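# Fold and geometry: a report
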Amino acid sequence: MTSSPHPDPDPDPRDTSGLEPGGGVPPGETPPSEGGMSGTGPAHNPPKGWSKGPLALILGLAVLIAAFFLVYALVLLL
C-alpha cells in the first residue's frame, strides 16, 4: 500500500477526535474567534492639521508675493 504525500481533505468522521456521535463538536473543542484587526501592529497617530513650520512658511511666501504685486502696481500707476 502506498501512502499519499497529501493528507485526506475529507477524513472519516469516525476517526476524527473531538467529534460527538452525531458529528457535532462539544463545547471547548473549537478555538475562540479572532479579534478582527486588533493587535495588527504598532499604532500610528499622525498629527492632525498642518504643523506650524510649513504653515508659517507658506503664509510668509504668500505675503511676500502679494507685497511684490502691490508694489509693482503702485510703480505702474505713478
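Numbering of residues begins from 1 in every chain and follows the order in which that chain's sequence is written. In keeping with the predicted nature of the model, local features appear solely for residues at pLDDT of at least 70, side-chain atom pairs appear and are counted solely at 80 or more, and the whole-chain, interface and lining totals rest on all residues. Hydrogens are left out, water is left out, and the side-chain values use all remaining heavy atoms of the structure.

Here we take up helix H1 (residues 52-77). Here H1 is 26 residues long and its end C-alpha atoms lie 37 Å apart, about the 38 Å a rise of 1.5 Å per residue gives. For H1, the buried fraction is low: 0 of the 26 residues fall into the buried class. Under the scheme used here, helices are H or I runs from DSSP no shorter than 4 residues and strands are E runs no shorter than 2 residues, and both carry numbers assigned from the N terminus. Multiplying one less than the number of residues by 1.5 Å gives the expected span of a helix. Think of it in three bands: with a 1.4 Å probe and only protein chains considered, a residue is buried below 20% of the maximum accessible area for its type, exposed above 50%, and partly exposed in between.

To continue, consider a nonpolar patch on the surface. Residues Leu61, Ile65, Phe68, Phe69, Tyr72 and Leu76 make up a contiguous nonpolar surface patch of roughly 680 Å² in combined accessible area. Of note, Phe68 is situated in helix H1. Patch members must show over 30% relative accessible area and no salt bridge, and they are joined within 9 Å when carrying like charges or within 5 Å when they are nonpolar side chains of Val, Leu, Ile, Met, Phe, Trp or Tyr. Residue burial considers only the protein chains on display, and all accessible areas are found by Shrake-Rupley using a 1.4 Å probe. Here, a salt bridge means any Lys or Arg side-chain nitrogen found within 4 Å of an Asp or Glu carboxyl oxygen.

With that settled, the discussion passes to the packing of aromatic side chains. Stacked, edge-to-face and tilted labels apply to pairs of Phe, Tyr and Trp rings (six-membered ring for Trp) whose centres lie within 6.5 Å, assigned for plane angles under 30 degrees, over 60, and everything in between, in that order. Summed over all chains, the structure comprises 2 aromatic pairs. Summarising the aromatic geometry, the rings of Phe68 and Phe69 are spaced 5.3 Å apart at their centres and angled 75° between planes, so their arrangement reads as edge-to-face. Taking the centre distance of 6.2 Å and the plane angle of 15° together, the rings of Phe68 and Tyr72 count as stacked. You can see Phe68 and its partner Tyr72 sitting in helix H1, 4 residues apart, about one turn around the helix.

The values are spatial; any link to function lies outside them.
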